[in-house]
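The residues making up each chain are set out below.
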Amino acid sequence: MKITNLKVNHLYHPLGYDYPHISLSWLVLDTFAKKQKAARVQISVSRQFDTESIVYDSGEDAQADSKAYHIDLTLKSYTRYYWKVQVWTDCDEFAESEISYFEAAKLQDKWSAEWISPKNDYDANPYIEKIITIGRKVRKARAYVCGLGLYEMYINDCKVGDEYLLPGYHAYDSFLEYQTFDVTDAFQYGANSIGFYLGEGWYKGRFVFDGGYKNIYGDRKAVICEIHVIYEDDTEEIVATNRSWNWKHSGILENGIYDGEIVDLTLHDMKWKDVETISVKEPLVERSNPPIVCVKKIQPVAVLHTVRGDIILDFGQNITGWVTVDMTGTEKADIRLVYGEILQNGFLHRENLRTAKAEFRYKGPGMKGIRPKFTYFGFRYVQVEGIKEVTADCFTACVIMSQMDETGTIKTSNAKLNQLFQNTLWGQRDNFLDIPIDCPQRDERMGWTGDTTIFCGTACFNMDTSAFYAHYIRNIRAEQLKMNGAVPFFAPYPKIKPHEGINLFLQHGYTCTWGDVATILPWNLFIHYGDRSLLAEHYPMMRDWVIKVSETAHAQGNILLWQGSDQLGDWLALDNGNLHNPIGKTDPDYIASMYYYKSVSILSAAAKELHYQEDQQRFDVLKQGIYTEIIKTYFHKDGSLRTIETQTALAIALAFQVFPEGKSEILVNALVNRIKSNNGKLDTGFVGTPLICNVLSDYGRNEMAYTVLLNEEYPGWLYEINMGATTVWERWNSILEDGTMNEEGMNSLNHYAYGAIVEWMYRRMCGFHPSEKETGCSRMELKPMPNPLVREVWGEYVSVMGTYKMGWKYRTDHKIIYHISVPFHTTAVLYLQNGDLKELDAGEYEIQEG
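About the cut-offs
Residues numbered from 1 in each chain as written. Predicted model: local features only at pLDDT ≥ 70, side-chain atom pairs only at ≥ 80, totals over all residues. Heavy atoms only, no water. Buried < 20%, exposed > 50% of the residue type's maximum accessible area, 1.4 Å probe, protein only. Helix = DSSP H or I, 4+ residues; strand = E, 2+ residues; numbered from the N terminus. Expected span 1.5 Å × (residues − 1). Phe/Tyr/Trp six-rings, centres within 6.5 Å; stacked < 30°, edge-to-face > 60°. Disulfide = S-S within 2.5 Å. Polar contact = N/O pair within 3.5 Å; in protein donor to acceptor, adjacent residues only side chain to side chain. Axes fitted to C-alpha atoms, helices over the stretch in contact; angles between N-to-C directions. Parallel < 35°, antiparallel > 145°, perpendicular 65-115°, else oblique. Contact = heavy atoms within 4.5 Å. Nonpolar A, V, L, I, M, F, W, Y, C, P; charged D, E, K, R; others polar. Pairing = 2+ DSSP bridges.

### What about helix 14 (residues 757-765)?
Okay, so step 1: The element helix 14 is largely enclosed, with a buried count of nine among its nine residues.
Okay, so step 2: Of all the residues in helix 14, the buried ones are Ile-757, Val-758, Glu-759, Trp-760, Met-761, Tyr-762, Arg-763, Arg-764 and Met-765.

What follows is the structure in structure tokens.
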């Protein structure tokens, strides 16, 4: 028996993070026991855990919750806290974990450092440096840093840490997150250089669609840093940014999130110049974002040569990151790397990047480990210019994303379904970059809230997204507080000064589905991770959104229906007869009122979980009122819809369970007929697509759900697979049947939203239904829904409580064999096809049906 996966607020060894609450979690593995009998958590300021250093000791706690053990502890600045867990089981086993830790940063301690910037130069891409002398042995050293727009820190010419694109993207006009680094081992006796490269980033560089805007958050590149050095004799020295630092040109001529980076190290204007201190009004706060790191390195699968002599690297997979060049024997280099997602007629195609240049240029001595510092690309292909002899082993693609554990696996007997799962997983890897962006390649890359609304259920199965989404919610909340309870289309929300021709999305509007991320995302996190302190933290955002929608509905004449607002409807649906109109045919007011009901329902459930009785009663009454009003307004007495019966309109009623009592079959039959009349295919958009297969399975049409999923023609998920997709597309027909690129301006080949179908694969095909009564996967409702169209399925879900496994297979005699694993200290109930239920404790099971 061993104890592993020790996390604090769903992070391993968090260093200098914001701790709005302290929630510890752990897993117990390699035991035959069924249950945890008790656990003991100890926290100490010393690794020795001597009596004087222990600041928390739970004792043997029979109620200890291994998925979210809440600690009431007032943290002290600059302090590392060591912690460990002891567990006793019902088999009288005992184990003690290894020692883990978390560390506080400055907290309320005042900064002695100042923001510094190149003096009288707003456009330079500087390298800022100071030389210090170390004459004694360093026992401990920490750097507390924030840079604007982006920064990389170096000590003695070695990069500090393994993170990129610091400080990340957040609501800079509300707060500035600083990072903490352990730099104890970075110093040497004698002279030590401390330096910072600064770039444009989201803060200052060209950003936002329609050509982009500069200086959105500020017009100065700047850095603030304090390095606290503690020597072996316990004396302390603080090295802080101030006017004593100097700067020179870094050799980076241009850089930007969209356009890439141009580096020229042959320039001779490298003289040291003065910095100046500047004032930055936004408060510095501890970070909340998981680090952006390189999670995979990929070599090209082919080096292609076009008829006009272009050399193109094919990495075999659409990814996010950059390519590192590593060539020896080259004294002088002058290269250009051009990035794209697809080839057309054998050449690199880049029109779908719109105005993004997406290139890296480098001129200088040698090519050892050459890479950009302040940009990233979405690509499969890279055109190489300036190198005559190109070999694949000199180029390595670095895949970057926010660091988080992958927790879900699905394999089936159908190779194309397996590829669909992998495409969705890759789409999440590629777009979970500090915030959940919509796409990584074109001139957009923004945190669209609607994409998260429909995909977060899938995301929580694929990966441990708790800390990542908590950071995103921090940004949503910051923007919501500036919008009187409304939730914007994307977060962070750049504030663009109104002008003629400004994009409608930049005018502080709000809609259903996109805004409903405020309730749907926190509730999904609670269902999957069971952390009530996190739910309590997010509850004000949830409540303010519902109040805002209620006020909007009331102002429009009926507090029980959301009508009359501009909405995005069923975005990108195919049912309105005009592919150039993205809104879809389903009544936007109907969708808005349905989502209004959904959000109020979630808020009521959250209030119940948190024992907010007055709110629960209030929102229960509102929920029932909305339900009654929707039935009266949108349904005939026989259960049919008064509004246009689109696939989406029918699916949302069934999914949200809003229809006249006992009339579900009317709607299901209508949906089935709609699909059949469309040749068995979908015509849905963002709202309807994630729901269709779910409602078909849940309302007795499981075979049709499989049939829709397995459709290989346009529109369908497997159509993309047949066309060679390695990620999920933005449009059903981003690539046309003849292999040419759809000419629509919105046409990303790496857009995870429609990958929401994978939640159906987890929940209905594999059967993983985290209980809403015992949240955080303490109890799993196993509801596999096999169908002979797929002969075999294997799924694993590494929940916060441990790994659930479900496999099923049709035998030649048509009987079904289930292979099931239930983790330690959990229970499950298996729902068989014949209606039988089987209660399961922790353990391995083989069950036959049929």
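The structure having been displayed, the exposition proceeds.
### Considering helix 5 (residues 517-529)
Okay, so step 1: Along its 13 residues, helix 5 runs 17 Å from first to last C-alpha, staying within 8% of the 18 Å computed at 1.5 Å per residue.
Okay, so step 2: With respect to burial, helix 5 is a largely interior element, 13 of its 13 residues being buried.
Okay, so step 3: Remark: Gly-530 follows helix 5 within two positions and exhibits a positive phi of approximately 65°.

### Some words on unusual backbone geometry
Okay, so step 1: Of note, the bond from Leu-148 into Gly-149 is cis; its omega dihedral lies within 30 degrees of zero at -15°.
Okay, so step 2: Along the polypeptide, Gly-149 turns up in the loop between strand 11 (138-148) and strand 12 (150-155).
Okay, so step 3: Backbone torsion omega between Tyr-714 and Pro-715 reads -5°, so that peptide bond is classified as cis.
Okay, so step 4: At Asn-120, a position not held by glycine, the phi torsion is positive, near 60°.
Okay, so step 5: The class of Asn-120 is exposed, set by a relative accessible area of 65%.
Okay, so step 6: In this structure, Asn-345 is a non-glycine residue whose phi angle is positive, near 55°.
Okay, so step 7: Within the secondary structure, Asn-345 is located in the loop between strand 26 (342-344) and strand 27 (347-349).
Okay, so step 8: Among the residues examined, Asn-345 registers a relative accessible area of 77% and is labelled exposed.

### Description of the packing of aromatic side chains
Okay, so step 1: Evaluation of the coordinates by the stated rule reveals 57 aromatic pairs.
Okay, so step 2: Seen in terms of ring centroids, Tyr-154 and Tyr-197 are 5.3 Å apart; in terms of plane orientation they differ by 80°. Their pairing is edge-to-face. With Tyr-154 in strand 12 and Tyr-197 in strand 15 (residues 190-199), the pair connects residues that are 43 residues apart, well separated along the chain.
Okay, so step 3: Since its relative accessible area comes to 12%, Tyr-154 is described here as buried.
Okay, so step 4: On the basis of an interplanar angle of 15° and a centroid distance of 4.6 Å, the ring pair of Phe-461 and Tyr-762 is categorised as stacked. Of this pair, Phe-461 sits in helix 3 (residues 449-462) while Tyr-762 sits in helix 14, and the two are 301 residues apart along the sequence. The pair formed by Phe-461 and Tyr-762 is uniform in burial state, with each residue classed as buried.
Okay, so step 5: Among the aromatic residues, those joined into a cluster by ring pairs are Tyr-169, Tyr-172, Trp-202, Tyr-203, Phe-207, Tyr-217 and Tyr-258.

### A short note on the state of the cysteines
Okay, so step 1: Within this structure, the stated rule accounts for zero disulfides.
Okay, so step 2: This cysteine, Cys-398, is not joined by any disulfide, and Cys-294 carries the nearest cysteine sulfur, 4.0 Å off.

### A closer look at the environment of Asn-125
Okay, so step 1: Here Asn-125 is to be found in the loop between strand 9 (116-118) and strand 10 (126-134).
Okay, so step 2: The exposure class of Asn-125 is buried, given its relative accessible area of 4%.
Okay, so step 3: For the pair Asn-125 and Leu-198, spaced 73 residues apart in the sequence, the C-alpha separation amounts to 5.9 Å.
Okay, so step 4: At a separation of 2.9 Å, a polar atom in the side chain of Asn-125 contacts the main-chain carbonyl oxygen of Ile-252.

### Structural notes on the packing of helix 11 (residues 689-698) against helix 14
Okay, so step 1: At their nearest, the axes of helix 11 and helix 14 sit 8 Å apart, and the two run at 25° to each other. Of the possible angle classes, the one that applies to helix 11 and helix 14 is roughly parallel. Contacts between helix 11 and helix 14 involve Cys-693, Asn-694, Ser-697 and Asp-698 from the first element and Ile-757, Trp-760 and Arg-764 from the second.
Okay, so step 2: Residues belonging to the contact of helix 11 with helix 14 are distributed by class as follows: three nonpolar, two polar and two charged.

### Section: the pairing of strand 31 (residues 408-412)
Okay, so step 1: Of the two faces of strand 31, the one lined by Gly-408, Ile-410 and Thr-412 is fully buried and the one lined by Thr-409 and Lys-411 carries no buried residue.
Okay, so step 2: With five bridges connecting them, strand 31 and strand 36 (residues 792-799) associate as antiparallel partners. Considered in strand 36, the bridge of Ile-410 is made with Gly-795.

### A short note on the sheet that holds strand 5 (residues 69-71)
Okay, so step 1: Reading across the sheet, the three strands line up as 1-2-5 and stay open at both edges, with antiparallel pairing between neighbours. The open sheet terminates on both sides in strands that have one partner only, identified here as strand 1 (2-8) and strand 5. Direction aside, neighbouring strands of the sheet carry axes that sit 30° apart on average.
Okay, so step 2: Across five bridges, strand 1 lies against strand 2 (residues 22-29) in antiparallel orientation. Across the sheet, Lys-7 pairs through a bridge with Ser-25, a residue of strand 2.

### Digging into the pairing of strand 2
As a general feature of sheets, a regular strand has side chains that alternate between the two faces.
Okay, so step 1: Within strand 2, seven of the eight residues are buried, leaving the element largely enclosed by the surrounding structure.
Okay, so step 2: By the bridge criterion, three bridges tie strand 2 to strand 5 in an arrangement that is antiparallel. The partner of Ile-22 across the bridge, within strand 5, is Ile-71.

### Quick notes on the packing of helix 11 against helix 12 (residues 702-710)
Okay, so step 1: At a minimum axis separation of 6 Å, helix 11 and helix 12 run at an interaxial angle of 155°. Considered as vectors, helix 11 and helix 12 are oriented roughly antiparallel to each other. Contacts from Cys-693, Leu-696 and Ser-697 in helix 11 reach Asn-702, Met-704, Ala-705, Val-708 and Leu-709 in helix 12.
Okay, so step 2: The class makeup of the residues in the contact of helix 11 with helix 12 is six nonpolar, two polar and no charged.

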